[in-house]
Amino acid sequence: MQTLKFSHTTKRRLSGKKQSAILGVVASGNLEVLLERVLADTACEVNITTPLRGYDETWKAVVAQFVEQSSPGGLLISINDGGARPDTVYLRLMQGSALMEAE
Amino acid sequence: MEDAATTSRASWFQATARQRVEGLLDPNSFTEFLTPSERVQSPHLKLFDLPSAFDDGVVIGRGALDGKPVLVAAQEGQFMGGTFAEVSGAKLVGLLRAARDHNDLPQTVLLLLDSGGVRLQEANAGELAVAELMRAIVQARCAGVAVIALIGGRAGAFGGAGLTTATCSRVIISEQGRIGVSGPEVIETNKGVEEFDSQDKALVWSTDGGKSRRLIGGADAFAEDSMEGFGAAVKSLMAKAPAFNLETMQAEHERLAARQERFGACDDAVSMWRVLGIKEPEAIRDLDSKDLAGLANSIKEANHDAR
């Protein structure tokens, strides 16, 4: 298993009060994303566990785009990957931040 | 934010374990035990270079259905086939033992089964978990707890999940649900294609599938493949779970002996349906949920006081 960790400083705190959310399933081509509002207002950390090696740059780019797009300040995001494609990863991250903003 | 996958009309078959729990129970009534944030994960999968899940593929907790308190466990059939393993098994066993020992907890347990059986990477722990779960269910039923199995997921209820189903107070199944011990491929591999052709999907579904299980009394209610379909079936059975005593056990043994006597010479499901007195057994596969449920309610074998 490979673990990756990306730390970002965001433009602002993610709105909403929801403390945690989970979505997706660890299955072939899918992934599980756990979002927890536990960090400082403009901090975001993404921890990924994946059985596929060699996609560090792809993960880095997808996470950076997500942070730029949704400014997920305050979130610790943990991912169990089942070999999801980058577009699926991005979709799940955006769904996750929308869930955290919903309440 | 409304999730289309948890509305009352959403498909049970397509949903994840979490979506089923949310779609089945009263809105905002669910409290999870051992949440994903606690990260109680499989200690073994990483040794096989396999990803683990934050809940190890089982969601447990308490909530309400139609205002009545229930304990719930849901297997995630898409993660490792919903398999019984060290953590996922312990969560199920723990929930049943809690119901058994604490009568201030809800005394109805809903098991949303979706499992191919034991997780091969944790086979010893998984086999033990199945044995402990069956024992815990029987002990909980002895203490007056109703344990209701809901089966309609992609993985069906095979292996240990099939055995577990047989120990429950009541069983609800949809057309897409399957109950069995050895799966079709396992039977074909061991006994030959003449015994059971796993590629013959019509044969497989007519044998293991929900319609036949309901008609011959292997399940007590036939649910439409939706959140409200399963919800309605639970509501109709919740208050009517049989007491678990010597009489129930004897009734179950008599029921099974009579079933073997009656269907013993049949070599497929259609011939069993003919024995049941169904005039056009070939037409069963085209019946919709409502008609099938109505037909099953009119058949003696499908309705019994055993279990």
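For the structure itself, look to the data block above.
Residues numbered from 1 in each chain as written. Chains lettered and ligands numbered in written order. Predicted model: local features only at pLDDT ≥ 70, side-chain atom pairs only at ≥ 80, totals over all residues. Heavy atoms only, no water.

(A) A look at the overall build of chain A. Regarding its fold elements, chain A presents two helices and five strands. Reading the helices (α) and strands (β) of chain A from amino to carboxyl end gives β-β-β-β-α-β-α. In terms of overall dimensions, chain A is globule-like: its C-alpha atoms have a radius of gyration of 12 Å, near the 13 Å expected for 103 residues. The C-alpha extent of chain A, read off along each of the three principal axes, is 35 × 25 × 20 Å. Across the 103 residues of chain A, 48% fall into the buried class. Roughly 4,800 Å² of accessible area belongs to chain A as shown, and the carbon and sulfur atoms make up 49% of that amount. (Helix = DSSP H or I, 4+ residues; strand = E, 2+ residues; numbered from the N terminus. Rg over C-alpha atoms; globule rule 2.2 N^0.38 Å. Buried < 20%, exposed > 50% of the residue type's maximum accessible area, 1.4 Å probe, protein only. Areas by Shrake-Rupley, 256 points an atom, 1.4 Å probe, with all protein chains shown as cover.)

(B) View of the layout of surface pockets. By volume, the largest pocket is sized at about 1,600 Å³. For the lining of the largest pocket, the elements supplying multiple residues, two or more each, are β2 (20–23), β3 (31–37) and α2 (86–101) of chain A together with α1 (17–24) of chain B. The biggest single contributor to the lining of the largest pocket is α1(B), with six residues. Class assignment for the residues of the lining of the largest pocket results in 18 nonpolar, 16 polar and twelve charged. Taken together, 33 residues line the second largest pocket, and the ones lying closest to its centre are B:Ile179, B:Gly180, B:Arg213, B:Ile216 and B:Arg259. When residues in the lining of the second largest pocket are grouped by element, the largest group, seven residues, is from helix α9 (residues 246–263) of chain B. Split into classes, the residues belonging to the lining of the second largest pocket amount to 17 nonpolar, seven polar and nine charged. (1 Å grid on protein atoms, 1.4 Å probe; cavity = no way out; pocket = protein on both sides within 12 Å on 5 of 7 lines; lining within 4 Å. Points joined across faces, edges and corners; volume = space filled by probe spheres on them. Nonpolar A, V, L, I, M, F, W, Y, C, P; charged D, E, K, R; others polar.)

(C) Just the interface of chain B and chain A, in detail. Facing the 18 residues of chain B at the interface are 20 residues of chain A. Together, the buried faces of chain B and chain A total about 1,400 Å²; carbon and sulfur atoms form 62% of this surface. Counting the contacts that link chain B with chain A gives two salt bridges. In this structure, A:Glu36 and B:Arg39 form a salt bridge, with 2.7 Å as the shortest nitrogen-oxygen distance. Summed over the shared surface of chain B and chain A, the number is six residue pairs in polar contact (both at pLDDT 80 or more). A per-class count over the side of chain B that touches chain A returns seven nonpolar, five polar and six charged. (Contact = heavy atoms within 4.5 Å. Buried area = accessible area lost by both parts, 1.4 Å probe. Salt bridge = Lys/Arg side-chain N within 4 Å of Asp/Glu carboxyl O. Polar contact = N/O pair within 3.5 Å; in protein donor to acceptor, adjacent residues only side chain to side chain.)

(D) Spatial organisation of the sheet that holds strand β5 (residues 146–151) of chain B. Residues and elements named next belong to chain B. Here seven strands make up an open sheet; going across it, the order is β1-β2-β3-β4-β5-β6-β7 and the pairing mixed. Pairing within the sheet leaves two strands with one partner each, and these edge strands are β1 (31–33) and β7 (221–223). For this sheet, the mean inter-axis angle between neighbouring strands, taken without regard to orientation, is 25°. As judged from the four bridges shared by strand β3 (residues 68–75) and strand β4 (residues 108–113), these two strands associate in the parallel manner. Of the residues in β4, the one forming a bridge with Leu71 is Val109. Running over the sheet, helix α8 (residues 227–238) touches β2 (58–65), β3, β4, β5, β6 (170–174) and β7 and is turned about 160° from β6. (Pairing = 2+ DSSP bridges. Axes fitted to C-alpha atoms, helices over the stretch in contact; angles between N-to-C directions.)

(E) Representation of the pattern of salt bridges. A complete count under the given rule lists 22 salt bridges over all chains for this structure. For the salt bridge of A:Arg53 with B:Asp49, the shortest nitrogen-to-oxygen distance reads 3.8 Å. Taken together, the residues span two chains, with A:Arg53 in the loop between β4 (43–50) and α1 (56–70) and B:Asp49 in the loop between β1 and β2. For A:Arg53, a relative accessible area of 52% corresponds to the exposed category. Here B:Asp49 falls in the partly exposed class, since its relative accessible area comes to 32%. A salt bridge links B:Arg274 to B:Glu282; the shortest N-O distance between them is 2.8 Å. Judged by its relative accessible area of 45%, B:Arg274 is partly exposed.

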